[in-house]
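So you can see what is in the structure, the chains are spelled out below.
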Amino acid sequence: MNLAANISPAPVGGDPRAIASAAIARNDLRRALVLLSRTIGRRATIPVLECAHVSIGDGAVRLAGTDLDMEVAVEVEAATSGDAEMMINARTLAAFVETTLVSADALLRIEVVKGAGGRRIVLSDGEITIQLNNHMPVEDYPDMISRAASTPATGSVEATPAEWRRLLRLTRPCVSSDMHRYYLCGVHVSRRGGGTTLRALAATGSFGAVIESAVEAPDWPEDGVIIPTRAVDLMLAIIGKGNGNEPIRMEVRDRLVTMSTGGITVATKLVDSTFPDLDRLIPSRTGAMAVHLGLASLRRLYTLGRATAGSSVVPVTFDLKERIAKILSPGLGCTIMQPIQASSTGSGEQAFTLSASFMFEIAKVAGALKITGDNPREAFRVEGEDPDAVWVIMPMRV
């Protein structure tokens, strides 16, 4: 039995005492709240940070949320009358949208009604009506996007969703989560040394990524900026598969960076530090040792290694003399061996150990890998199917 079929959507007309109202598609409102949930906290120490800032007017509803480090604003089309701003508890609004029984494309109504006791906010889907009599003052909302817009931009660049997705997706596996090295907890977006094209870099203590692009960025800051991990993940969520045609514009303003596309704007604080020079760490393409690995073989090695080792850290030793990859699990007395395509022009040590976990993560975004190096105890160069992307991996001590 379809209960939703018996429930009418919110009527086009609402309370005649409303000073502002909006009828918005349920799916549009739901998608906006999903993005806002990345910044609005459930147990914020400042009450206003648990609320969505909602603006009605000019045929659109704008919803925004912040945690003081990052703000997300989403503008969606709506049938509106009047103009108003309000603060609505995000949990209440999300629960209202998720529990309504109307169809996905039905209209939900948000109204601001002025009465003898002051303003109240009314949410309605044609079946349930929620009246919010106590709400936070709009003046308490810390609007990062408006503050950024009031300062001049010190750098800007525009690229397609596909170009941004490539830069961020290929660097993301190398972003550090070690807050002691906070300057590595993000993606460094800069210009190519001596050029004007955009590049993205990321590093941990053991891995690194340098991804070049053809995106012209003559106005981008010469030293680049470090975009925090949370903002990188949010951008990837917004971009999705990168099939959109509307460009994404990024601007640097007073220790903030703003990103805007298709009615969505993000403002985030930057990581205030200097990013290390990865170029000097990248080995040459002509290493004395080389190993070729496909995604399928890496997946199998990693899956078996993780199962036997009982850990997500899976060291794999490449023996170039025997042409095998080997994973040892002393606890279970287990040895996993797999033939590999390898070559070596040196006469010294012919074995080295790398992280199968890291290589598998890279292979998932880069395809088949070629790993080259000159010394088993120094950095190795990793290349995938993208000619403008290179990774660096340090050998493991086992």
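Residues numbered from 1 in each chain as written. Predicted model: local features only at pLDDT ≥ 70, side-chain atom pairs only at ≥ 80, totals over all residues. Heavy atoms only, no water.

Attention shifts here to helix α2 (residues 90-99). Restricting attention to buried positions, one finds in α2 the residues Ala90, Leu93, Phe96 and Val97. Projected down its long axis, α2 carries its buried residues within an arc of 130°, all on one side. Its side-chain oxygen at 3.0 Å from the backbone nitrogen of Arg91, Asn89 defines the N-terminal cap of α2. (Buried < 20%, exposed > 50% of the residue type's maximum accessible area, 1.4 Å probe, protein only. Helix = DSSP H or I, 4+ residues; strand = E, 2+ residues; numbered from the N terminus. Arc of directions from axis to C-beta. Polar contact = N/O pair within 3.5 Å; in protein donor to acceptor, adjacent residues only side chain to side chain.)

Low-pLDDT stretches of the model should not have their predicted coordinates read in fine detail. Averaged over every residue, the pLDDT of the protein chain is 90; the share at 70 or more is 95%. Note on residues 1-12: pLDDT under 50 across the span, and 23 contacts to partners over four residues away in sequence or across chains. (pLDDT = per-residue confidence, 0-100. Contact = heavy atoms within 4.5 Å.)

The next thing to look at is the sheet that holds strand β23 (residues 351-355). Taking strand neighbours across the sheet as the criterion, the 4 strands line up as β21-β20-β19-β23 in an open arrangement whose pairing is antiparallel. Edge positions in the sheet fall to β21 (334-339) and β23, since each of these pairs with one other strand and no more. On average, each strand axis in the sheet is tilted by 25° relative to the strand beside it, whichever way the strands run. Pairing of strand β19 (residues 315-319) with β23 involves 5 bridges; the strand directions are antiparallel. Residue pairing in the sheet places Asp319 in a bridge with Ala351 of β23. Packed on one face of the sheet, helix α6 (residues 295-309) meets β19, β20 (324-329) and β21 and runs near 175° to β21. (Pairing = 2+ DSSP bridges. Axes fitted to C-alpha atoms, helices over the stretch in contact; angles between N-to-C directions.)

Sheet analysis places strand β4 (residues 70-77) next to strand β17 (residues 264-269), joined by 5 bridges and oriented antiparallel. What sits directly across from Ala73, in β17, is Thr265. In the sheet, strand β16 (residues 256-261) pairs with β17 via 6 bridges, with the strands oriented antiparallel. Bridging from a neighbouring strand, Leu256 pairs with Lys269 of β17. Joining the antiparallel neighbours β16 and β17 is a turn of 2 residues, in which Gly262 adopts a positive phi near 50°.

Attention now goes to empty space enclosed by the protein. All told, the structure shown has 1 cavity of 30 Å³ or more when counted by the stated rule. Its boundaries defined by the atoms lining it, the largest cavity holds a volume of some 70 Å³. Elements with a contribution of two residues or more to the lining of the largest cavity: α5 (229-239), β16 and β17. Of the residues contributing to the lining of the largest cavity, the split by class is 7 nonpolar, 2 polar and no charged. (1 Å grid on protein atoms, 1.4 Å probe; cavity = no way out; pocket = protein on both sides within 12 Å on 5 of 7 lines; lining within 4 Å. Points joined across faces, edges and corners; volume = space filled by probe spheres on them. Nonpolar A, V, L, I, M, F, W, Y, C, P; charged D, E, K, R; others polar.)

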